Amino acid sequence: MTDAPHAAHPDRRLLIIGPPGAGKGTQAARIAEALDLPAISTGDIFRANVGEGTELGRLAQSYMDKGEYVPDSVTNDMVAARLSEADAADGFLLDGYPRTLDQVAALDGMLTERGRELDAVILLDVDLEEVVARLVQRGAEQGRSDDTEETIRRRLDVYAEQTAPLVDVYSGRGLVRRVDGMASIDEVNAAILAALSR
Ligand code: AMP
């Protein structure tokens, strides 16, 4: 495949949604590179703050360790600040945000303020039992304190309760591009790029 990302992929303001362990982070980094967009991961920003020992990091960690979501007010302010940075002006790929209906409304507000709207929502479809196995393995490899089996189960429940409903909201807006997330990393990547250029 040759790269003509801008011509081939006109979508510029993108979200990637899927349960924990669906491969969002891996795919977000690749898609963002292919489309020359910044990948903005709220989980990564929280982890960076935990690593730096900031006040935000201390607050976020108490939630992350339990598999719970960081409060919307905190998360929304953090994303608003990140979207105000220059590299996000012409587009972005949000990974792991929004995750609640309140965050959807907040993001709508941020975009409306700028006279922008979302172009597409990539939904990674996965088998949940397979995902637990992947996450247990990632926890062992990367030492992530939120990748223990108990926390993983809690994160999947929280996803089902709070984030799965977002799929209906975005489907209603005609934005969702559903991609099979169980194939290999390369195959999933190709399927996402194909879905975005449809
Ligand atoms: P992730 O790396 O996207 O799986 O995120 C790891 C953890 O960070 C989540 O389990 C939450 O505790 C927190 N987090 C990340 N994104 C959000 C968000 N949009 N809203 C609330 N909490 C979040």
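The preceding data block contains the structure.
Residues numbered from 1 in each chain as written. Predicted model: local features only at pLDDT ≥ 70, side-chain atom pairs only at ≥ 80, totals over all residues. Heavy atoms only, no water.

A. Molecular detail of helix 7 (residues 128-142). The terminal C-alpha atoms of helix 7, which comprises 15 residues, lie 21 Å apart, in line with the 21 Å expected from a rise of 1.5 Å per residue. The backbone nitrogen of Glu129 lies 3.2 Å from a side-chain oxygen of the residue at the head of helix 7, namely Asp127. Looking one or two residues beyond helix 7, the residue adopting positive phi is Gly143, at roughly 65°. (Helix = DSSP H or I, 4+ residues; strand = E, 2+ residues; numbered from the N terminus. Expected span 1.5 Å × (residues − 1). Polar contact = N/O pair within 3.5 Å; in protein donor to acceptor, adjacent residues only side chain to side chain.)

B. Quick peek at empty space enclosed by the protein. Under the definition given, this model contains one cavity of 30 Å³ or more. In this structure, the largest cavity spans a volume of roughly 60 Å³. In terms of lining residues, the largest cavity is bounded by Ile16, Ile17, Gly18, Pro20, Lys24, Tyr69, Gly96, Tyr97, Pro98, Arg99, Tyr159 and Thr163. If you list the elements that add at least two residues to the lining of the largest cavity, you get strand 1 (13-17) and helix 8 (149-172). Tallied by class, residues from the lining of the largest cavity come to seven nonpolar, three polar and two charged. (1 Å grid on protein atoms, 1.4 Å probe; cavity = no way out; pocket = protein on both sides within 12 Å on 5 of 7 lines; lining within 4 Å. Points joined across faces, edges and corners; volume = space filled by probe spheres on them. Nonpolar A, V, L, I, M, F, W, Y, C, P; charged D, E, K, R; others polar.)

C. Just the nonpolar core, in detail. Counting residues in hydrophobic clusters, the biggest one holds 24 residues, and the most contacted among them are Leu93, Ile192 and Leu196. Of all elements in the fold, only strand 1, helix 2 (24-35), strand 4 (120-125), helix 7, helix 8 and helix 9 (185-197) reach the threshold of two or more residues within this core. Here the element with the most residues in this core is helix 9; it accounts for five residues. The next biggest cluster of nonpolar side chains, apart from the first, holds 23 residues, and it includes Tyr69, Tyr97, Leu107 and Val167. (Core = buried A, V, L, I, M, F, W, Y, C linked by side-chain atoms within 4.5 Å. Buried < 20%, exposed > 50% of the residue type's maximum accessible area, 1.4 Å probe, protein only.)

D. Representation of the environment of Tyr159 within the structure. Position of Tyr159 among the secondary structure elements: in helix 8. Residue class for Tyr159 comes out buried when judged on its relative accessible area of 12%. Spatially, the C-alpha atom of Tyr159 lies 22 Å from that of Leu56, the residues being 103 residues apart in sequence. Other than its neighbours up to four places away in sequence, Tyr159 contacts Ile17, Gly18, Pro19, Pro20, Tyr69, Leu123 and Ala164. (Contact = heavy atoms within 4.5 Å.)

E. Molecular detail of the site of the ligand. Taken together, 16 residues surround the ligand, and among them Thr42, Arg47, Glu68, Gly96 and Arg99 come closest. In this structure, Thr42 approaches the ligand through a side-chain N or O atom, which is 2.7 Å from a nitrogen atom. Arg47 has a polar side-chain atom sitting 2.9 Å from an oxygen atom of the ligand. Considering the ligand on its own, with 480 Å² of exposed area, one finds that the protein chains cover 96% of that surface. The site holding the ligand turns out to be the largest pocket. Sorting elements by how many residues they give to the shell around the ligand places helix 3 (residues 42-52) first, with four residues. (Near = heavy atom within 4 Å. Areas by Shrake-Rupley, 256 points an atom, 1.4 Å probe, with all protein chains shown as cover. Sits in = over half its atoms within 2 Å of the grid points.)

F. Here's a closer look at the sheet that holds strand 4. Pairing is parallel in the open sheet, where five strands are placed in the order 2-3-1-4-5. Each edge of the sheet is formed by a strand with only one pairing partner; in this case those strands are strand 2 (39-41) and strand 5 (176-180). Each neighbouring strand pair of the sheet contributes to a mean axis angle of 20°, computed without reference to strand direction. By the bridge criterion, four bridges tie strand 1 to strand 4 in an arrangement that is parallel. Paired with Ile17 across the two strands is Leu123, which belongs to strand 4. (Pairing = 2+ DSSP bridges. Axes fitted to C-alpha atoms, helices over the stretch in contact; angles between N-to-C directions.)

G. Here's a closer look at the packing of helix 6 (residues 101-113) against helix 8. Between helix 6 and helix 8, the shortest axis-to-axis distance is 9 Å and the interhelical angle comes to 45°. The angle between the axes of helix 6 and helix 8 places the two elements in the oblique class. Here Leu101, Val104 and Leu107 of helix 6 come into contact with helix 8, specifically with Gln162, Leu166, Val169 and Tyr170. Residues belonging to the contact of helix 6 with helix 8 are distributed by class as follows: six nonpolar, one polar and no charged. (Parallel < 35°, antiparallel > 145°, perpendicular 65-115°, else oblique.)

H. Structural context of the packing of helix 5 (residues 72-83) against helix 6. Two elements in contact, helix 5 and helix 6, have axes separated by 10 Å at closest approach and are oriented at 25°. By the criterion of interaxial angle, the relationship of helix 5 to helix 6 is roughly parallel. As for the relative orientation of helix 5 and helix 6, their crossing is right-handed in sense. Contact with helix 5, carried on its side by Asp72, Thr75, Asn76, Val79, Ala80 and Leu83, involves Asp102, Gln103, Ala106, Leu107 and Met110 of helix 6 and no other residues of that element. Looking at side-chain class alone, the contact of helix 5 with helix 6 contains six nonpolar, three polar and two charged residues. (Left-handed = near helix turned anticlockwise from the far one by under 90°.)

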